[in-house]
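Understanding the architecture of this molecule
Here is how the chains run, residue by residue.
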Amino acid sequence: MDQESWLSCEKTAVLQGGFLLANQLCQPAPLSALRKEDWERVGRPIVQAVTEICGQLCGGNRDRLQWRKRILCIIWSKVLETEKGEDVDINWKENPLFAVQNSLPDINHAILFELVKSMGFFSIYADLLQCFQSDEQCKELERLVKHVTSDCTEEDVKFLLEVWWELMKERREELDSLDQLFNIQCARFTQKPSDCSPQASKRFKPDPESATSSKCMFSILFQGLNSIKENITSSELSYFGLSNCLDMLYTSYLLDHATDLPVEVKVQNIARSVILKKRNGLLEGDDLTQAICEAQRDLVATLTPAQTKPSGMTLIQAMQTVLGIICSWEVKGLLKMPTQDPSDLAIRLKDGLCRVLKSLELFSENLDENEQALISLKKTLKDLLASSSFTVPESPSTEMESIVMDILDNNLKGFQDLPKLYASKLSQTFSEAEWLSCLERNKHAFQEKDLVMTLSSTLIAKCQSDADVNQAKKLKDIIVDIFSQLPLPDKNAALSKILSLSKKGLHGFLPSPVTAGYDEEVNLAFNSIIQSGAKSNLSSAVSAVARVAFQNPEATLYRCCHMAVVNLGAHTLLAQILQQLPGLRSSPGDTTEMRNKEQNLLCICLQATAWDKLSSPQEEDQFLQFLSTLMEPSIVGQTEEKFSFLSPEEVVHAFILPYFSSSTSSSSSLELCLRLLQCILSYISSDDATPWIMSCSPFPLLYCLAQLLNNCSRCWEQPVEGSTVLSVEHKGLLISILTTLGKAVGKEVALAPGTWSRAISWLYGKAEELDWTVRFHLKDVWGEHFKYEVPSSLMTVCELSEQEWSGLVLPHYGQGTGLLAWVECCCISDHFQAAMLDSLSLNLLNSDEVIMFSKGLMVAVLQTLPWCTTGEWERLLDMLRKLLHSDKLHVPYSLEYVDFLPLLDLRAFAVDLRLSVFLLRLFQLLCGSSCADWLPPHGWAHVGRLCAAAMRGIIDSVKDKVPLPPTATSSRSSESSSGVLSKEVLFVLTQLFCHVVHVQVMMPGQPEPLLLCALEILSNYEAVLAAYPKSSTALQGANTRHFLTTIADNVQCTDMRAVLHQKIAQL
């Protein structure tokens, strides 16, 4: 109802009627002159009118309270208007209540006070009193005290005490429209006139009586009660008055900060208060929520410091006043406490005595001459407390249950710790069905990780005490629903906590009937995620996985690992989900502690579901990519540091070290293990230290890897049954891993060489039994501790520093093997290749020496080639180019593939042609009868791939020497430009084609990579011819096609030969 409507409605008419009748009864004196003793005769019509308005004419309790405040607002405003005597012309314009107030006769404060006393509108009066400014508030309070103390009755005492108690409490709510309206009224009627002329203001002298009063609410109320203490004759009013005194003394002088009671004590107090008020009929209606709020206000008032400090009365004066009041009432026997069945006021007094006594005991202010007053008060209060022998009754559990549930249902403020109490202790005392029903209604109140864990503990305890299965299942579902609504950080904290209790999570403590249906829930969750794939919302998928993981982390991770490996493309999404759930990690901060206690749960699940069960290259790739993603440091910690779901150290301990310590490892699992180790080492930064690597048994691991690399020299031998078969691909992986791991370990060793000296000595001793080239890969580990050790024969072809290099007498490296050792050194790394080239001892002025070197080098490369990895072969090719450029390698170019040499400038192609001839001679020697039994079929395939790779490098070098314009038109326009080596390129390409086909024909199995290389040469020939058509005449073209066809005719495989013929015909 808006303001206009309630100011001119039926209810205001009833109120006007009551005041007009009272005015008639008051005649001949005006109503504004009413005295207190005349109220019984005159006030009845007013009371009847207000009773009618707030009773029969009001719909509900809230409407009734609103009208009480409206009535007091109207009457109090009328009193202020009467006292000020404001002009009607001004009043009707500025007073929003003018319409209703103008119809009322003039009235005074006595009518206001008596109406409040008669109707019991104490709390509303106190609310409106607080709308005044502090000075005016004190004046209004003094008027009340003056009214009460005149011809004081017990009703007057109760009036004063009720208003006092209400003033000590905080407001029930924010200012409503009526409070704001009355604020305006107070300001209008109490403002001081400010129309003094400027001249007058110069002569203004302050009026002592108008100065701010030294009195405050505290002193007014204390003095008021002290003046009427003799008029009190009932124990209940004595309890009430003394409680007010003690609580105000405590909150104004002895309490410096707000305190709070444990929630269980608080709820007990509130329940007791509500029950006693119900029993005494003091509750209006059946509004339990309102009663709880009122009891909460009462409690807070005694535990919160007063908003304003008292003035006009010192602590000692206040203590003396309290002492006097107690003595007066003790003489009359009014403070005698009941021995049983205490009232609400008696309990409040006992609580107040305890609080004040405890504070006075701690009170340390130097009181000197006033110490006697403190001692006397303490003694009196102790005696009074000792006389209160009654036991404060505990509230029945049924009442507690209804009150607690009402607090939760209405989300009442001030009970932040109640959900925790409800989730734990109260679950044992309340009715199971009602407790669950309330919990389900108020899930939002329990959305904290700690409360979820408390509820989980409650569920576990109930299941251990043979709880009803249906009730337990319902509670579990509620807990999981609450968990699902937690923010992600809290979800992770709860997951981490539940995982620390059991790897099976909540289900680790629940009987199987309670967990029934979980398997279907897990399947549904993951199937939904997999089916939606990239379209799925990541946060929804994370929430779904977290939900099932909270119930059983182990089963969830088992399912996750299986799906990540088996379902095509699922590994990426599932890894992203797990990265959002670091709560499923084990020991996120201290991996050393994790290893000592229990392995990472995800690693356990991967070992069980995938590690030995990968059935295809696709599954292996997904497994590696899944692990690789989880090792990415993408999770941001509390201190902004980044960490990964799986640390590389954990993966090494779970998969790598067990493999190398096993005696039943297969070659297929070796490759997977090496690929995984290479993936792990990719997360080692070249700039940062990697201390975790030193906790992964690095020295035994290095030795095992070095042993494997050493065994790679037997990769073309017939494998012994039961032994691990090593390939050249394994060798490439091993070299890469040894290099990365050796550098990382070497860096840590350099930081603390004394710590690792014994380990280095052990590794060096074990490595002595390995091939000397393998030990080169460990040089980064021991650094300057040991020299480079090479065959003594190498020292005969190189000039190496004896400070860094030392020669070894090795049985397989006798006289004449120096170049073999030199070539093997060039394979190891770019660094060693540069060192070998720089130190090579070769007299270029002696042609015989150069020729002998060139022949010996070819034999050395031949002996090295079959065991080279792709990387090593590239280094050898680079070494050959450098030797050709420096004229240290002599490779004469023969004309066996041409009838005559055209007039061309082939100097730019000298290195390319000579390198191609070198390879041709090399493979002629390799494919000869003396080396026929060197390699098995897969060995020849490997050599074919290396040859094809070398020829592609030469082809690329040749192509780079002639520009190929993007279009034929632009190329023709540039044809006339001088210096284009198009004819030379065409000639060189034909020569390369002949070399490749020759090698393919010689090589067992005629490897397919060489065929592809030959086709690539023809494609490049075609491209150059298209770009520079004048490079070849029609006759030359026909001759070239005929020549290339005769070369291709040597290919034995019919299909390969047909493909080459078809390509040549297109030129």
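Rules and cut-offs
- Residues numbered from 1 in each chain as written.
- Predicted model: local features only at pLDDT ≥ 70, side-chain atom pairs only at ≥ 80, totals over all residues.
- Heavy atoms only, no water.
- Helix = DSSP H or I, 4+ residues; strand = E, 2+ residues; numbered from the N terminus.
- Buried < 20%, exposed > 50% of the residue type's maximum accessible area, 1.4 Å probe, protein only.
- Contact = heavy atoms within 4.5 Å.
- Areas by Shrake-Rupley, 256 points an atom, 1.4 Å probe, with all protein chains shown as cover.
- Lys, Arg positive; Asp, Glu negative; His and termini not counted.
- Charge placed at Lys NZ, Arg CZ, Asp CG, Glu CD.
- Phe/Tyr/Trp six-rings, centres within 6.5 Å; stacked < 30°, edge-to-face > 60°.
- Polar contact = N/O pair within 3.5 Å; in protein donor to acceptor, adjacent residues only side chain to side chain.
- Axes fitted to C-alpha atoms, helices over the stretch in contact; angles between N-to-C directions.
- Parallel < 35°, antiparallel > 145°, perpendicular 65-115°, else oblique.
- Left-handed = near helix turned anticlockwise from the far one by under 90°.
- Nonpolar A, V, L, I, M, F, W, Y, C, P; charged D, E, K, R; others polar.
- Expected span 1.5 Å × (residues − 1).
- Salt bridge = Lys/Arg side-chain N within 4 Å of Asp/Glu carboxyl O.
- Core = buried A, V, L, I, M, F, W, Y, C linked by side-chain atoms within 4.5 Å.
- Arc of directions from axis to C-beta.
- pLDDT = per-residue confidence, 0-100.

1. Focus: the overall build of the protein chain
Per the secondary structure count, the protein chain includes 53 helices and 4 strands. Seen through its principal axes, the protein chain has C-alpha atoms that stretch 155 × 70 × 65 Å. A buried classification covers 51% of the 1067 residues belonging to the protein chain. Of the contacts made within the protein chain by residues no fewer than 6 positions apart, 78% connect residues no fewer than 24 positions apart. Carbon together with sulfur atoms contributes 51% to the accessible area of the protein chain, which is approximately 49800 Å² in total. For the protein chain, the centre of its 94 positive side-chain charges and the centre of its 127 negative side-chain charges are spaced 2 Å apart.

2. Section: the environment of glutamine 1000
Positionally, glutamine 1000 belongs in helix H50 (residues 982–1002). By relative accessible area, which is 0% here, glutamine 1000 ends up buried. Residues glutamine 1000 and proline 698, spaced 302 residues apart in sequence, show a C-alpha to C-alpha distance of 45 Å. Beyond its immediate chain neighbours, meaning those up to four positions away, glutamine 1000 contacts Gln1006, Pro1007, Leu1010, Leu1011, Val1051 and Met1056.

3. Brief notes about the side chain of serine 328
Secondary-structure assignment places serine 328 in helix H18 (residues 315–331). The class for serine 328 is buried, based on a relative accessible area of 12%. Leaving out residues up to four positions away in the same chain, serine 328 has contacts with Lys229 and Glu230.

4. A short note on the packing of aromatic side chains
A full pass over the atoms with the stated rule returns 34 aromatic pairs. Taking 4.4 Å as the distance between ring centres and 15° as the angle between the ring planes, the aromatic pair formed by phenylalanine 218 and phenylalanine 222 counts as stacked. One end of the pair is phenylalanine 218 and the other is phenylalanine 222, both in helix H14 (residues 217–227) and 4 residues apart, which spans about a single turn. Accessibility expressed as a relative area gives 4% for phenylalanine 218, which makes it buried.

5. Some words on the side chain of serine 252
Checked against the element boundaries, serine 252 lands in helix H15 (residues 235–254). Among the polar contacts made by the side chain of serine 252, one reaches the main-chain carbonyl oxygen of methionine 248 at a distance of 2.9 Å. Those residues in contact with serine 252, other than ones at most four positions away along the chain, are Phe218, Ala306, Lys309 and Pro310.

6. A few points about the packing of helix H4 (residues 44–54) against helix H8 (residues 109–119)
Taken N-terminus to C-terminus, the directions of H4 and H8 make an angle of 55°; their axes are 11 Å apart at the nearest point. Considering their axes alone, H4 and H8 lie oblique with respect to each other. Handedness of the crossing formed by H4 with H8: right-handed. Mapping the contact onto sequence places Ile46, Val47, Val50 and Thr51 in H4 and Ile111, Leu115, Ser118 and Met119 in H8. In terms of residue class, the contact of H4 with H8 is built from 6 nonpolar, 2 polar and no charged.

7. Observations regarding helix H30 (residues 538–551)
Between its terminal C-alpha atoms H30 stretches 20 Å, which fits the 20 Å expected from 14 residues at 1.5 Å a residue. Elements that come into contact with the buried residues of H30 comprise helix H25 (449–464), helix H26 (469–484), helix H27 (488–501), helix H29 (518–532), helix H31 (553–566) and helix H32 (570–579).

8. A closer look at the environment of tryptophan 782
With respect to the helices and strands, the residue tryptophan 782 is situated in helix H42 (residues 779–782). Looking at tryptophan 782, the relative accessible area reads 3%, which means it is buried. Sequence spacing of tryptophan 782 and lysine 378 is 404 residues, and the spatial spacing of their C-alpha atoms is 82 Å. Once you skip the residues sitting within four places of it in the chain, tryptophan 782 turns out to touch Ile760, Leu763, Tyr764, Ala767 and Arg775.

9. A few points about the pattern of salt bridges
By the definition in use, this model includes 46 salt bridges. One salt bridge in this structure joins aspartate 298 and lysine 169, with 2.5 Å as the shortest N-O distance. One end of the pair, aspartate 298, is in helix H17 (residues 288–301); the other, lysine 169, is in the loop between helix H11 (154–168) and helix H12 (177–190), and 129 residues separate them in sequence. As a salt-bridge pair, arginine 272 and aspartate 351 come within 3.9 Å of each other at their nearest N and O atoms. One end of the pair, arginine 272, is in helix H16 (residues 263–279); the other, aspartate 351, is in helix H19 (residues 344–362), and 79 residues separate them in sequence. Through salt bridges with shared partners, one network takes in Glu166, Lys169, Lys277, Glu294, Arg297 and Asp298.

10. Some remarks on the nonpolar core
Within the largest apolar cluster, 145 residues are counted, with the highest numbers of intra-cluster contacts made by Tyr422 and Phe623. When near neighbours in sequence (up to four residues on either side) are disregarded, tyrosine 422 contacts Val404, Met405, Leu408, Ser427, Phe430, Glu434, Trp435, Cys438, Leu439 and Phe446. If you look at the next biggest cluster of nonpolar residues, it comprises 109 residues, including Ala22, Ile75, Leu144 and Leu237.

11. A word on helix H53 (residues 1054–1065)
Its 12 residues place the ends of H53 16 Å apart at the C-alpha level, agreeing with the 16 Å of an ideal helix rising 1.5 Å per residue. Along H53, the residues classified as buried are Met1056, Leu1060, Lys1063 and Ile1064. Along H53, the residues classed as buried sweep out an arc of 100° about the axis, all on the same side. Facing away from the buried surface of H53 by more than 90 degrees, the exposed residues are Thr1054, Asp1055, Gln1062 and Ala1065. Looking at the packing, one finds that the buried side of H53 touches H50, helix H51 (1008–1027) and helix H52 (1034–1048).

12. Structural notes on the confidence of the model for the protein chain
Here the protein chain averages 86 in pLDDT, and 90% of its residues register 70 or above. The lowest-confidence element of the protein chain is helix H13 (residues 198–202), averaging 36 in pLDDT; the highest-confidence one is helix H46 (residues 870–885), averaging 96. Counting interchain partners and residues more than four positions distant, the pLDDT-below-50 stretch residues 195–213 has 1 contact. Low pLDDT, under 50, characterises residues 968–978; the predicted model gives this stretch 14 contacts beyond four residues in sequence or across chains.

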